[in-house]
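Geometric and topological summary
These are the residues of each chain, in order.
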Amino acid sequence: MTPESEAVQTDNAGIFLAFFFRLRSHGLKVTPQQWLTLIEGLARGLHGSSLMGFYSLARGIMVKDEAELDDFDLCFAAHFKGVETDVPAIEKAVWDWLSNPVPPFVIDPEWLKVIHSVDVAALRAELERRLAEQTERHDGGNYWVGTGGTSAFGHSGSHPGGIRVGGDHGAGTAVQVAAERRYQEHRKDRVLDTRQLSVALTKLRALERRGPADELDLEDTIDRTAREGGELELVFKPPRENRLGVLLVMDVGGSMWPFKQLVDTLFSAAHHARHFKRFDHVYFHNCIYERVYGNAAFSDKIPLGDLFRRWDRETRLVLIGDAYMYPGEITDRFGAIDWTERNERPGADYLERVRDHFTHCAWLNPMREEAWEEPSIRLIRRIFPMYPLTVQGVEELAKNLAVG
Amino acid sequence: MRTHDFSRFSGTESYITSPELRHAVNVAAAIQRPLLVRGEPGTGKTLLATAIAEDLELELISWYVKSTSKAADGLYVYDTVKRLQDSRFGDHDVSDIRQYIQLGPLGRALTDERQVVLLIDEIDKADLEFPNDLLHELDVMEFTVTETGDSHRATRRPVVIITSNAEKELPDPFLRRCIFHFIEFPDEELMTRIVRVHHPEIGKKLLEQCLARFYWLRKVKGLRKRPSTSELVDWIGALLSAGVQPGQLANEIPFLGALIKKEEDGEAVGKAMAGSAGRWPTDDA
């Protein structure tokens, strides 16, 4: 072996482990357990000795949500570009790692813990045992084909624990398939549809026992029966239900027009989320002053006092708006853009009153987060915690508003 | 190791799969992990388990999860109320608790002496903690009936297929133990094969046009519920039994109600058809 080829080998040995670090650095929560599962899969030949097989095996084990598929594809395409035919290198990397389980570069503490906890000798013995078993089982018909002498368990055709994969994917290589990025539309940070938002909103709940009593309360039944001197007395209790109500306060008109569809989507998601105790919505324009409105035409006026009476403190308040306006609308007396408002106090005062009435409130902003340094947005953010109107943003918001 | 037998799953005559899905099934069976299947409604998640059972000639035990389902109920239910009632009048022997223990789907799968396919359907419908409560049983494949002290351990690990509509995020520890597969919506080629399984008599031209309309409909903006495979199959069934000819699809979609189930969606489609002058599929020429 020339020194040059040795260098290549070392490089290949790193590629396998480096792939996991790449996945992790892309935000996929890949854990050492999943990684060991993949090693087990490889040892059993479930990748069918093709990169396509490896791709689909690794994807099944590493990806846990269709939202992550695109990131996985990106990582895979970037990582295995140029090594498309080099399955033996990946297989060798697994063995190299097993014989010397030290990550080649950055050591993540979590990984280190697991690496130390792994009984390498036992793992290796187990893999060898399985391989021996597989070889034996294979003596009858097909037999192992070494792939260039580097792989202990590479195989050309069908494999004992193996899968017919490669043949089905004649149309493209694994990297090509990954590079197609077919799962792009499932990304969580880009897409927003009613359904995804509904899912995000389901996090907004706090359960308590309500409604018709149709669950047997065993403890009480025993207790009451004993009190009745053994005469059976069945006691039922109501099932658990969400006790949270939600009030959506939406900014309409003006600079909100471009976001109309986005807001509509959120609205219909929230409207269809049946798990709230109560769901209502009111409107405002730019900033809240003396009142909000029951309809988007602003004819049904709801003074703040009424608002506070109709929706109790426990109601979760969610404001939606771009918070983008002339800062004076927030900071100045009579600063309202709409002359009918005649606000005696600065807008910020009213906003604070609203915030102080509700135990939990938050502001959803459809504008990109890069724009949040605008003066008016900064002012609003001092009053309300602000989240982006994305699936992730709504999830965050729901989690925070659900906490007691 | 008998598990190697599972690498045979290759779809059945009535259930057409993608190679990736077959791989996922086989991987899950080989490393003995549950297979978690996700995908749009109507992509055949539930039918997959039936197909696997049929293909591998194993019995299928289905557990249709509801919002009120409890993990423990899947193992067994102890009918306390019945036992208490029976004890009231002394005309029953209530000393044998076993007669009040009713095994649930998971319990039956674990106690069956033969290997079975266990389908846990729509796991996301239940409480958020539901999947976590199943972790132990799915891992070690054994359980104990607390009331009687009987322990059961699966002699043959069932093949576990779990479907989810992603209505709630499933807990990470649960996800880590599963092999994940996302069923993509079938492309036209796969869809052609699927439709042909259900309606072998359909003419080539009519099928092409149906698919063109169908995929066009799915792209209409603002649909609350996009039509799925099963709706397409039903719709084509309706077209065939009404004797619709290919030409009739040129300007209208007969039996639209078979594809579009919501009133708002019907309006959206109407609008899209009216304003689609150039974009309407023009494959009739």
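Because the structure is a prediction, the values reported are computed rather than measured. Along each chain, residue indices are assigned from 1 in the same order as the chain's sequence is written. Lettering of chains starts at A and numbering of ligands starts at 1, both following the order in which they are written. Given that this is a predicted model, residues contribute local features only at a pLDDT of at least 70 and side-chain atom pairs are listed and counted only at 80 or more, while totals for whole chains, interfaces and linings are drawn from all residues.

1. What about the sheet that holds strand E1 (residues 35-39) of chain B?
Residue and element names in this part refer to chain B. Inclusion rule: Pairing between strands is defined by DSSP: at least two bridges between them are needed. Put simply, DSSP H or I for four residues or longer makes a helix, DSSP E for two residues or longer makes a strand, and each gets a number counted from the N terminus. In this analysis, axes come from line fits to C-alpha atoms, helices being fitted only over the stretch in contact, and the angle between any two N-to-C directions falls in the range 0 to 180 degrees. Once C-beta atoms have been placed from the backbone, residue pairs whose C-beta atoms lie within 7 Å are recorded as contacts.
With parallel pairing, the five strands of this open sheet are ordered in space as E2-E5-E8-E1-E9. Looking along the sheet, the strands with just one partner apiece sit at the ends: strand E2 (59-64) and strand E9 (179-183). Across the sheet, the mean angle from the axis of one strand to that of its neighbour is 20 degrees, orientation sign disregarded. Those strands touched by helix H1 (residues 19-30) are E1, strand E8 (159-164) and E9, and its axis lies near 160 degrees from that of E9.

2. Quick look at the pairing of strand E5 (residues 245-251) of chain A
Residues and elements named next belong to chain A. Threshold: Three exposure classes are used. Buried residues have 20 or more other C-beta atoms within 10 Å of their own C-beta, exposed residues have 12 or fewer, and partly exposed residues fall in between, all C-beta atoms being placed from the backbone.
A large share of E5 lies buried, amounting to six of its seven residues. Pairing analysis gives seven bridges linking E5 to strand E6 (residues 278-284), with the strands arranged parallel. Bridging across to E6, Val-249 finds its partner in Val-282. As defined by bridge partners, E5 adjoins strand E9 (residues 316-320) across five bridges and the pair is classed as parallel. Counted as the bridge partner of Leu-247 is Leu-317 from E9.

3. Some thoughts on the confidence of the model for chain A
Residue and element names in this part refer to chain A. Just so we agree on the cut-off: The pLDDT score gives, residue by residue, the confidence of the prediction method on a 0 to 100 scale.
Residues at a pLDDT of 70 or more form 64% of chain A, whose mean pLDDT is 73. Per-residue pLDDT stays below 50 along residues 102-107; that stretch engages in six contacts with residues further than four places along the chain or on separate chains. Between residues 134-171, whose pLDDT stays under 50, and residues either more than four places distant or in other chains, the model counts 75 contacts.

4. A closer look at the environment of Gly107(B)
Residues and elements named next belong to chain B. Within the element layout of this structure, Gly-107 appears in helix H5 (residues 105-111). Judged by the 23 C-beta atoms lying within 10 Å of it, Gly-107 falls in the buried class. With 38 residues separating them in the primary sequence, Gly-107 and Val-145 have C-alpha atoms 9.8 Å apart. With residues up to four places along the chain from it excluded, the contact list for Gly-107 reads Gly-74, Leu-75, Tyr-76 and Phe-143.

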